[in-house]
Amino acid sequence: RTTRTVPAKMTARHFVVVVLALLSCCVLATRGDWWLADPSYHNGVSAWNPGYQVWRNVKDFGAKGDGVTDDTAAINNAISSGNRCGQGCPGGSSTLTPAIVYFPPGTYVVSQPLIMYYFTQMVGDAAQRPTIAAARSFPGGWLLQSDPYDNQGNNWYQNQNNFYRQVRNFIIDMTRVPSTVNAVAIHWQVAQATSITNVHIRLSKASGTQHQGIWMENGSGGFMSDITIDGGHYGMWVGNQQFTSRNITITNADTGVFLNWDWGWTFTGMTFGNCRIAFDHSVNGGAQIQAGSAIIMDTLVYNPPPTLLSSFASPRSHKMFNDFARVPISGVGILTHFPFA
């Protein structure tokens, strides 16, 4: 047996390099000096749309991010300016008016929904995630709105054609809103080429809270990852044709994930802590089930009260395919519930 000793000089040198690297990261994080924030990187143009502004910094449109000022109008102006594809957009979509809407570090108070026009990417500073905080006066509904409804109940965009959207690097704080208000952090009725990543959602943890994290009634595919949701009546209330969710942690919610319907959904790397129900597939008070299939893998459920990991609603549930793979469970009373049996 031989042992190789690393010279002390080399070890010290490595230590200094590591310390300097860590210090530089701390400085960058403190300054919010993320490379994407540098305007010199943003000289791209939209094809066949001369002079159109793709890159937008919300502070250039008057947002303060001071945690006090109502920044709703400034942010919505940053999103919508430039004759973009909004309500009544010809054909219901356009690739001529994309927008990257950048949020520097700060806390942006919002009292009304932020309307994400077609082909909008909302990007927070990755080195120091900004907070979008719903004001106490927020009336309810969706804070980040990907597909608004008009007064007749019609969407601005066809859900299967609601492409090119992104929300990343944010903290979304709904806790100023009273828990009795049905307030949802993100309405995400989307199709392909869409994602939510690196987002933390704070919801009320009061008994009987009506807050929700992500709400999705339909759509045609997408991806979300690296999300944490704390509190709420539902962490995620979702339905879509096909979807992938990865590395999502939901804690202190009444129901972690309510799967309203799907053709096929993959949940991987999920963590549920102290949720009364981790997954629920039942609809209409348990009378039927509309989800087609769900793959739940590499998922941890821990420290809940007596709970359901998965609820199958009725004898018709046999059409639902559920596959559990590598799902360690701690303190769960019931793995799969068949109330009709």
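Remember, predicted model here, so these are calculated numbers, not experimental data. (Residues numbered from 1 in each chain as written. Predicted model: local features only at pLDDT ≥ 70, side-chain atom pairs only at ≥ 80, totals over all residues. Heavy atoms only, no water.)

(A) Summary view of the pairing of strand E15 (residues 255–268). Counting buried positions over the 14 residues of E15 gives 11, a clear majority of the element. Note that E15 and strand E17 (residues 277–280) share 3 bridges and pair parallel. Each bridged residue has a counterpart across the sheet, and for Val257 the counterpart in E17 is Phe279. (Buried < 20%, exposed > 50% of the residue type's maximum accessible area, 1.4 Å probe, protein only. Helix = DSSP H or I, 4+ residues; strand = E, 2+ residues; numbered from the N terminus. Pairing = 2+ DSSP bridges.)

(B) Broad picture of the state of the cysteines. With the rule as written, the count across this model stands at 1 disulfide. Shown here is the disulfide that connects Cys85 with Cys89, its sulfur atoms set 2.1 Å apart. Across the disulfide from Cys85 to Cys89, rotation about the S-S bond amounts to roughly -110°, and the bridge is consequently left-handed. Owing to a relative accessible area of 2%, Cys85 belongs among the buried residues under this scheme. (Disulfide = S-S within 2.5 Å.)

(C) Here's a closer look at the pattern of salt bridges. One pass over the structure, following the stated rule, counts 3 salt bridges. Between Arg202 and Asp173 there is a salt bridge whose closest N-O contact spans 3.6 Å. Here the residue Arg202 occupies a position in strand E11 (residues 194–202), and Asp173 occupies one in strand E9 (residues 165–173), the gap between them amounting to 29 residues. We note a salt bridge from Asp230 to Lys205, for which the minimum N-O separation is 3.1 Å. With Asp230 in strand E13 (residues 223–230) and Lys205 in the loop between E11 and strand E12 (212–216), the pair connects residues that are 25 residues apart, well separated along the chain. Judged by relative accessible area, which is 52%, Lys205 ranks as exposed. (Salt bridge = Lys/Arg side-chain N within 4 Å of Asp/Glu carboxyl O.)

(D) Summary view of the nonpolar core. With 67 residues, the main nonpolar core has Ile172, Trp188, Ile214 and Met224 as its most contacted residues. Looking at which element gives the most residues to this core, the answer is strand E14 (residues 234–251), with 5 residues. With sequence-adjacent residues up to four places away left out, Met224 is seen in contact with Trp188, Ile196, Ile214, Met216, Met236, Phe243, Thr244, Ser245, Arg246 and Ile248. (Core = buried A, V, L, I, M, F, W, Y, C linked by side-chain atoms within 4.5 Å. Contact = heavy atoms within 4.5 Å.)

(E) Expanded view of unusual backbone geometry. A positive phi angle, close to 65°, is found at Asn169, a residue other than glycine. The topology assignment puts Asn169 in strand E9. Positive phi, close to 55°, is recorded for Asp226, a residue that is not glycine. With respect to the element layout, Asp226 can be found in strand E13. Here Asp226 falls in the partly exposed class, since its relative accessible area comes to 40%.

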